[in-house]
Amino acid sequence: MSLHVVIGAGPVGTATARLLAARGDHVRIVTRSGSGPDHPNIERIAADAADPAALLTHCADATALYQCAQPSYHRWPQDFPPLHRAVLTAAELSGAALITVGNLYGYGEFDGPVTESHPLRPNSVKGRVRADMWSEQLAAHRAGRIRTAEVRGSDYLGPHATSAFSVLVLPAVLAGKRALVPADPDAPHSWTATEDVARLLIAVADDETAWGRAWHVPTPPPLSVRALADLTASLAGAPSARVGRLPAALLWAVGLFVPDAREMRELRYQFDRPFVLDSSAATTHFGLDPTPLADAVRATLDAQPAVRR
């Protein structure tokens, strides 16, 4: 039974640990609190993954290391780089294949469906953090110090997933209230199921020909925020969705008091224009199809308290 170490017990880390455990692997999930899913094949460890020595203790004999953790959204510039470097060190000293969870921020603005070959041209602070970490990681791979790859998805749907939709739209739709979004609610947008992120993480870890590059998570055709809200209302048995545009001035004012709202200002471009991911490379290489959006929404709803059905 091979050992697979998962860092982070958020939606993706939890899904990854469960899939690995279900197929019979020994899974060690590392979080500061020692949290994680309950399964006979899952060992939950309380440790600070930003401490390279502590992390190495728990992955020295691992086959693969999955970096699914991330700091608080407003703390990325301060807290992500040391966590990232600790993970790189642990991967180098243990020899475990390192598969990380990324996103699309590093590309900056783009026209048309974005592929993995698109250059990294970040236009935001968080995008630069992501781009710099991947550049450092890829350089270590090319130097022969580690074996690695990254998987990238768009905004998440799934149990306990956090995104602009889950924070700003979903609660309002379920309550029968008008939802406000800080951009164009009718722009096409890609939505990625967290289960599909986990499936691709494992597929990449199992295939050494897939290392040394980034992969886009299999993702269904795009849907606007308004259309996704309509689908959600229908599946939840809620009143018809009402979605409007949040004035930029109001978003700015809210950001004075709410750190995550402040962080959304620099990423408004992702919802002001088509934001579409091309995942055909992973679909072709691994034979993985994306979860239909309706199924991803159902999984999201199933994790909500007191959902109207």
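Residues numbered from 1 in each chain as written. Predicted model: local features only at pLDDT ≥ 70, side-chain atom pairs only at ≥ 80, totals over all residues. Heavy atoms only, no water.

Next up on the list: the overall build of the protein chain. Helix and strand counts for the protein chain come out as twelve helices and eleven strands. Its C-alpha atoms give the protein chain principal-axis dimensions of about 50 × 40 × 40 Å. Across the protein chain, the fraction of contacts at a sequence separation of at least 24, relative to all contacts at a separation of at least 6, is 72%. Summed over its atoms, the accessible surface of the protein chain is roughly 13,000 Å², and 53% of this surface lies on carbon and sulfur atoms. The positive charge centre, built from 29 side chains, and the negative charge centre, built from 31, are 6 Å apart in the protein chain. (Helix = DSSP H or I, 4+ residues; strand = E, 2+ residues; numbered from the N terminus. Contact = heavy atoms within 4.5 Å. Areas by Shrake-Rupley, 256 points an atom, 1.4 Å probe, with all protein chains shown as cover. Lys, Arg positive; Asp, Glu negative; His and termini not counted. Charge placed at Lys NZ, Arg CZ, Asp CG, Glu CD.)

What follows concerns the sheet that holds strand 1 (residues 3-7). Ordered by their spatial adjacency, seven strands build an open sheet running 3-2-1-4-5-6-10, and the pairing between neighbours is parallel. The open sheet terminates on both sides in strands that have one partner only, identified here as strand 3 (42-46) and strand 10 (214-216). Each strand axis lies, on average, 20° off the axis of its neighbour in the sheet, ignoring direction. Pairing between strand 6 (residues 148-152) and strand 10: three bridges, direction parallel. (Pairing = 2+ DSSP bridges. Axes fitted to C-alpha atoms, helices over the stretch in contact; angles between N-to-C directions.)

Scanning all chains against the criterion turns up 18 salt bridges. Its salt-bridge partner being Arg213, residue Glu116 comes within 3.7 Å of it at the nearest N-O pair. A residue pair is termed long-range when its members are at least 10 positions apart, and Glu116 in the loop between strand 5 (97-102) and helix 4 (125-142) and Arg213 in the loop between helix 6 (194-206) and strand 10 qualify at 97 residues. It is possible to trace a salt-bridge network through shared partners that takes in Arg23, Asp25 and Asp206. (Salt bridge = Lys/Arg side-chain N within 4 Å of Asp/Glu carboxyl O.)

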